[in-house]
Amino acid sequence: MNEIDWKSLSFGYMKTDFNVRSYYRDGKWSELEVSSSEMINLHIAATCLHYGQEAFEGLKAFKGKDGKIRVFRMEENALRLQRSCEGILMAPLPVEKFNEAVITVIRQNMRFVPPYESGSSLYIRPLLIGTSPQIGVHAASEYLFMVLVTPVGPYFKEGFKTTPVVILRAYDRAAPLGTGTYKVGGNYAASLVAGEKAHQLGYSAVLYLDAKEKRYVDECGPANFFGIRDNTYITPASTSILPSITNKSLTQLAESIGMKVERRQIAVEELATFEEAGMCGTAAVISPILRIDDLDKNISYHYAKDGAPGKTCVKLYNMLRAIQYGEAPDRFGWVTVIDE
Ligand code: PLP
Ligand code: COI
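Cut-offs and rules
- Residues numbered from 1 in each chain as written.
- Chains lettered and ligands numbered in written order.
- Predicted model: local features only at pLDDT ≥ 70, side-chain atom pairs only at ≥ 80, totals over all residues.
- Heavy atoms only, no water.
- Axes fitted to C-alpha atoms, helices over the stretch in contact; angles between N-to-C directions.
- Helix = DSSP H or I, 4+ residues; strand = E, 2+ residues; numbered from the N terminus.
- Parallel < 35°, antiparallel > 145°, perpendicular 65-115°, else oblique.
- Left-handed = near helix turned anticlockwise from the far one by under 90°.
- Contact = heavy atoms within 4.5 Å.
- Near = heavy atom within 4 Å.
- Polar contact = N/O pair within 3.5 Å; in protein donor to acceptor, adjacent residues only side chain to side chain.
- Areas by Shrake-Rupley, 256 points an atom, 1.4 Å probe, with all protein chains shown as cover.
- Nonpolar A, V, L, I, M, F, W, Y, C, P; charged D, E, K, R; others polar.
- Pairing = 2+ DSSP bridges.
- Right-handed = clockwise from strand over helix to strand, strands pointing away.
- Domains from an automatic or database assignment.
- Salt bridge = Lys/Arg side-chain N within 4 Å of Asp/Glu carboxyl O.

### Some points on the packing of helix H2 (residues 74-87) against helix H3 (residues 95-107)
(1) Moving on: At a minimum axis distance of 9 Å, the contact between H2 and H3 shows a crossing angle of 125°. It follows from the interaxial angle that H2 and H3 lie oblique. In this structure, H2 crosses over H3, and the sense of that crossing is right-handed. Contact residues: Met74, Glu75, Asn77, Ala78, Leu79, Leu81 and Gln82 in H2; Val95, Phe98, Asn99, Val102 and Ile103 in H3.

Following this line, the structure appears as structure tokens:
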């Protein structure tokens, strides 16, 4: 293998040695298979292709200074995949099978776990698809669960730097009672046009508002939103956003340093009152927001006046990373250490 330049990795796909697969047939999930092929053999009428029966997850493994590999909140991702499956009528995968698959795929690809010094990590992408044929709109009877891994750097190329985001009122990502709380491919398809437009205009992401009234903040394209004011961490409650595991972790970290946490609707006008704002997620980690431009209303909300991340964003980012890289004790039980 060519030398990997671990320090300049971006968030992209790189071929690794193996992936793992389990098949759901006759009401049962098969034993895991380890495969070196990047390809799958799929029926032309599989429901994932026609009717979007697809759900995925995203989690990371980190190599610590002590050489140990730690996976962050694997169980939470397993449970969220089950919810996503139930949300689009797919066969849910047992948590134990998910955990076994994640651990196996990491062990099979040890040489792709970025070294501690690089600040990069191994991104783990589980996905589950309907594979049996249907032409009427019905759920499949057979499913395939796979996990691939790829070493990644920061999602936003700036890394831990502030970037501008944009409100584009002409686009919605998910309906109030739709599939926004599930991690299903269709939500991301629905975000592509607005995301591309935002990038062309020089923004790192779209900040979506609630689709019904356009009065409240929902979330960003690939991440949840939070604002900081008066020692309080404020993040939206909404029926159309993904329950971010990073966000949930940050609320616990914030409370642990004496901050208040509020999970509630955030009116758009409230954006003017925050001292800091950020996006958070597995890929995004914490990506502090420089400015939010509400283009249709011609209003801008400014956060990082000198362009630097705010002090609370920095503090929470450092606390989270320290747990992930094993530099701080795992006091919440978030980490699974992979034995070599
Ligand atoms: N919101 C969306 C739409 C996402 O795709 C993600 C990424 O997974 C998140 C939020 C953050 O979720 P998590 O912190 O569990 O990765
Ligand atoms: C993640 O943070 O894991 C995501 O899935 C975000 C994006 C890459 C879809």
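Now that the structure is up, let's keep going.
### Some thoughts on the site of ligand 1
(1) Moving on: Around ligand 1, 16 residues are found, and the nearest of them are Tyr188, Glu219, Ser244, Thr246 and Thr282.
(2) Moving on: Measuring from an oxygen atom of ligand 1, one finds a side-chain N or O atom of Arg80 at 2.7 Å.
(3) Moving on: A distance of 2.6 Å is found between a nitrogen atom of ligand 1 and a side-chain nitrogen or oxygen belonging to Glu219.
(4) Moving on: The protein chains hide 97% of the 380 Å² of surface that ligand 1 would expose on its own.
(5) Moving on: Class assignment for the residues of the shell around ligand 1 results in six nonpolar, six polar and four charged.

### Observations regarding the pairing of strand E14 (residues 260-264)
(1) Moving on: Pairing analysis gives five bridges linking strand E13 (residues 232-236) to E14, with the strands arranged parallel. Residue pairing for E14: Thr232 is matched across the bridge by Lys260.
(2) Moving on: Read from E13 through helix H6 (residues 245-256) to E14, the crossover connection turns out right-handed.

### Things to note about the domain arrangement of the chain
(1) Moving on: Domains assigned within the chain are domain 1 (6-152) and domain 2 (163-323).
(2) Moving on: The interface of domain 1 with domain 2 comprises 21 residues on the first partner and 20 residues on the second.
(3) Moving on: Our enumeration of links across domain 1 and domain 2 arrives at one salt bridge.
(4) Moving on: A salt bridge links Lys248 to Glu76, with the nearest nitrogen and oxygen atoms 3.0 Å apart.
(5) Moving on: At the junction of domain 1 with domain 2, the criterion picks out ten residue pairs in polar contact (both at pLDDT 80 or more).

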